[in-house]
Every structure is written in C-alpha cells, then in structure tokens.
Amino acid sequence: MREGLRATLAVSAGFWCALGEMLRSCAARLRMLGALRKDEHWPARNLGPALRWFSSEKDFCLPNPSWSEDLRHLFHQFMKKCEDGSWTYISEKEMLDLQKKASELSFQNVKPMKKKQFPSTLTRNFQEGLGFEYAMFYNKDERRIVCLFQGGPLLQGFPGLLHGGAIVTMVDYSISILSTKTIGFTMTAYINITYKRPIPIGSVVVINGQVDKIEERKVFLSSSVHSADEKTLYSEATSLFVQLNLEKSET
Ligand SMILES: CCCCCCCCCCCC(=O)SCCNC(=O)CCNC(=O)[C@H](O)C(C)(C)COP(=O)(O)OP(=O)(O)OC[C@H]1O[C@@H](n2cnc3c(N)ncnc32)[C@H](O)[C@@H]1OP(=O)(O)O
C-alpha cells in the first residue's frame, strides 16, 4: 500500500515537473518569437528585464527552454563525443573559475570591481534566449574548441540578422578560452574576421577554433563559423593572443 502511494507520488511529481518544464519552454520560445515578430516595434513589449543578475549556481551552458531543436541535438552529439574523453564539456563553473582567477590579476590603472558590482562576462548578462546561448567543448590533444551558439534578438544588427560585433564577441570569447587553456591567461592582440554570409537571429551556428602556432607568449589561432548542417560558412577569423606578462602588468 505504502509502495503504491510512493509510486503514485513519484509519477505525479514527475508529471508536474514535466508540465512545468513544458510551460517554461513555451514561454521562453514565445518570448523569443515575440521579439522577432516583424510587426512589433523594437524593443518588443513585455520582454521583462533584458539583463539578468548572474547566479553562479546555475549552469547556463546546459540546455534551457529557449534552445532550439538544432542546438539541443548538437549539444547531445557533443556530449556523446565526451564519453571517450577526447572532448570535454566546459561547464559554467569552469568558466566562472577562470573568470574569478582573471579578476585576481592586476592591471595597471584598473580598479577591480567590488564583488557585488561584478556581473558575469558580457555573453552571460542577457536573459534566457535573448542574447548569447551557447555551450563549449574542448579537445586538449587537438588544441581545438567548439562553441555551439544561438544568438537571440537583442543581438540584432540588420533586421533579423546577428550583429557582426556579437559574432566576433562569441568567436573571441571561445578562442580566448582555448588559448587560456593552452598556455595560461592571454588577451586578444588582434582578431581579423571576414564575414561571408549573414547569420539569421535564432539560428544555430558552430564555431570551430584551433591553435595554429605558439611562439613563446604568442598564440596564433584560426576559427570558422558554420551553420549547424555545415553547409554554410558564415565567417572566418585569424587572431593573435598574447600570454599576459604578469610581472609587467603588476607594476
Ligand atoms: C578564459 C578567460 C576568462 C576570463 C574572463 C573572460 C574574458 C573574455 C575576454 C575575451 C578576450 C578579450 O576580449 S581580451 C580584451 C581585448 N584585448 C585587449 O584589451 C588587449 C589590449 N592589449 C594589451 O593589453 C597588450 O597589447 C597585450 C597584452 C596584447 C600585449 O602586451 P604585452 O604583454 O606588453 O606584450 P608585448 O611585449 O607588447 O608583445 C609580445 C609579443 O606580441 C607581439 N604583439 C603584441 N601585440 C601585437 C599585435 N597587435 N599584432 C602583432 N603582434 C603583436 C609583439 O610584437 C611581441 O612579439 P615578439 O617581439 O615577442 O615576437
């Protein structure tokens, strides 16, 4: 009898969780689609606050209701690739740890922000589905990084298309994690990007970054941005990251 009751409660809890997830998913998709509606003046009404206060407890790299089927599909494909250890999933915690360590570095004339004022990195400051939705995977042996990226309506440039600055931001951030994981903290010295095709807002792209060459403190990288089906090459970039000379920057 008690077993039966427990099973009923478990089924019912599962049902409410699934229903809650479904409603959240619909709300996030509707919010994104509402923002994309052509007859709506931008900024769209009823979006709620567009910026979020960052919570370190949540892993924003995991699928959320605003993720499209394409993004979920690619995410699960890459999670499978992680099973043999060749690729590793980069969790939000790992990114936050890097960011925390980075915030401890001292730069000339830069006052570190107080912890309370400290939001996350640019790419995490938007509400779910409205800005940068992404997950990253790292291949240590091949010195590669893959970022699965879905850009939301707040990243609009031309109507319905992603702003080039948002694209290069995501490329830069991905390869900055790659170069940092390869030789320690680095900063972008330059990034040369060629935009070949426009990216529709809400579509999923795959950013591939790789280390081409390391010369002492210099890391040369190349990257590309493709559609999820790999048929369209949207952008290509070459860049130089320089490992921080901490002795110099601490003075
Ligand atoms: C995951 C993290 C999470 C952390 C938190 C999340 C962070 C995400 C951030 C994403 C990435 C960014 O946006 S970074 C932000 C944008 N970038 C910046 O603000 C960087 C500003 N620039 C600088 O601070 C500096 O110029 C550096 C650090 C890049 C380099 O200065 P330095 O350390 O004094 O090095 P320096 O001696 O000048 O140069 C070292 C070597 O590099 C060469 N070099 C230097 N700059 C260039 C250049 N533009 N083009 C060609 N070559 C160059 C020099 O010729 C030299 O070669 P040789 O003579 O040895 O052959």
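The name that an unreviewed UniProt entry assigns to the protein chain is Acyl-coenzyme A thioesterase THEM4, with the source organism given as Pteropus vampyrus. Database annotation for the protein chain, UniProt heading Sequence similarities (unreviewed entry): "Belongs to the THEM4/THEM5 thioesterase family."

With that out of the way, let us pick up the overall build of the protein chain. Secondary structure assignment for the protein chain yields 5 helices and 7 strands. Going from the N terminus to the C terminus, the protein chain shows its helices and strands as α-α-β-α-β-β-α-β-β-β-β-α. Counting across all 251 residues of the protein chain, residues that qualify as buried make up 39%. Expressed as a percentage of contacts within the protein chain between residues at least 6 apart in sequence, the contacts between residues at least 24 apart total 68%.

Summed over the entire model, instances satisfying the criterion amount to 9 aromatic pairs. Each member of the aromatic cluster is reached from another via a ring pair, and the members are Trp67, Phe75, Phe78, Trp87, Tyr89 and Phe137. The ring of Phe78 is capped by Lys81, whose NZ or CZ atom sits 4.4 Å from the centre of that ring. Cation over ring: Lys213 sits above Phe220, and NZ or CZ is 4.7 Å from the ring centre.

With that settled, the discussion passes to the pattern of salt bridges. This model, assessed by the stated rule, comprises 8 salt bridges. Taking the shortest distance from any N to any O, the salt bridge between Glu236 and Lys196 comes out at 3.6 Å. Placement of the pair is Glu236 in strand β7 (residues 233-243) and Lys196 in the loop between β4 (186-195) and β5 (204-215), with a sequence separation of 40 residues. Judged by its relative accessible area of 37%, Lys196 is partly exposed. Put simply, Glu215 and Lys218 hold a salt bridge, and the shortest N to O gap is 3.7 Å. By relative accessible area, Glu215 is classed as partly exposed at 33%. Classification of Lys218 as partly exposed rests on a relative accessible area of 34%. Each of the salt bridges in this network shares a partner with another, and the network as a whole consists of Lys213, Glu215 and Lys218.

The next point concerns the confidence of the model for the protein chain. Per-residue confidence for the protein chain gives a mean pLDDT of 82; residues scoring 70 or more make up 69%. Considering only residues more than four positions removed or in separate chains, one finds that residues 38-45, a stretch of pLDDT under 50, has 8 contacts. In the predicted assembly, ipTM is 0.97 and pTM is 0.83.

Glancing now at the sheet that holds β7. The strands that make up a sheet pair up through hydrogen bonds in the backbone, lying either parallel or antiparallel. Taking strand neighbours across the sheet as the criterion, the 7 strands line up as β1-β2-β3-β5-β6-β7-β4 in an open arrangement whose pairing is antiparallel. Each end of this open sheet is capped by a strand with a single partner; those strands are β1 (88-90) and β4. Strand-to-strand twist in this sheet, taken as the mean axis angle between neighbours without regard to direction, amounts to 20 degrees. Lying on the sheet, helix α2 (residues 69-81) is in contact with β1, β2 (132-139), β3 (144-151) and β5; it crosses β3 at an angle near 160 degrees. Taken strand by strand, helix α4 (residues 164-183) contacts β1, β2, β3, β4, β5, β6 (218-227) and β7, and its axis lies near 140 degrees from that of β4.

Our next topic: the nonpolar core. Residues Tyr134, Met136, Phe137, Leu148, Phe149 and Met170 are the most contacted members of the largest nonpolar core, which totals 48 residues. In terms of residue count, α4 provides more of this core than any other element does, 9 residues in total. Ignoring sequence-local partners within four residues, the contact set of Phe137 consists of Phe75, Phe78, Met79, Cys82, Trp87, Thr88, Tyr89, Arg144, Ile145, Val146 and Leu148.

Looking now at the environment of Phe220. By the element assignment, Phe220 lies in strand β6. Classification of Phe220 as buried rests on a relative accessible area of 17%. Taking the C-alpha atoms as reference points, Phe220 and Phe241, 21 residues apart in sequence, are found 6.5 Å from one another. Discounting chain neighbours no more than four positions away, the residues touching Phe220 are Tyr190, Gln210, Val211, Asp212, Lys213, Glu215, Ser239 and Leu240.

The next point concerns the UniProt feature "domain: Thioesterase" (unreviewed entry) in the protein chain. Annotation from UniProt places "domain: Thioesterase" (unreviewed entry) at residues 160-232. Segment residues 160-232 splits into 27% helix and 44% strand. End C-alpha atoms: 18 Å apart.

In this section: α2. Its 13 residues place the ends of α2 19 Å apart at the C-alpha level, agreeing with the 18 Å of an ideal helix rising 1.5 Å per residue. Those residues of α2 that sit buried are Leu71, Leu74, Phe75 and Phe78. Down the axis of α2, the sector holding all buried residues measures 105 degrees, keeping them to one side. Every exposed residue of α2 that faces more than 90 degrees away from the buried side is listed here: Glu69, His73 and Lys80. Tucked inside the fold, the buried residues of α2 contact β1, β2, β3 and β5.

The rules behind these values
Residues numbered from 1 in each chain as written. Predicted model: local features only at pLDDT ≥ 70, side-chain atom pairs only at ≥ 80, totals over all residues. Heavy atoms only, no water. UniProt positions renumbered as here; feature names shortened; annotations may be inferred. Helix = DSSP H or I, 4+ residues; strand = E, 2+ residues; numbered from the N terminus. Buried < 20%, exposed > 50% of the residue type's maximum accessible area, 1.4 Å probe, protein only. Contact = heavy atoms within 4.5 Å. Phe/Tyr/Trp six-rings, centres within 6.5 Å; stacked < 30°, edge-to-face > 60°. Lys NZ or Arg CZ within 6 Å of the ring centre and 35° of its normal. Salt bridge = Lys/Arg side-chain N within 4 Å of Asp/Glu carboxyl O. pLDDT = per-residue confidence, 0-100. Pairing = 2+ DSSP bridges. Axes fitted to C-alpha atoms, helices over the stretch in contact; angles between N-to-C directions. Core = buried A, V, L, I, M, F, W, Y, C linked by side-chain atoms within 4.5 Å. Expected span 1.5 Å × (residues − 1). Arc of directions from axis to C-beta.

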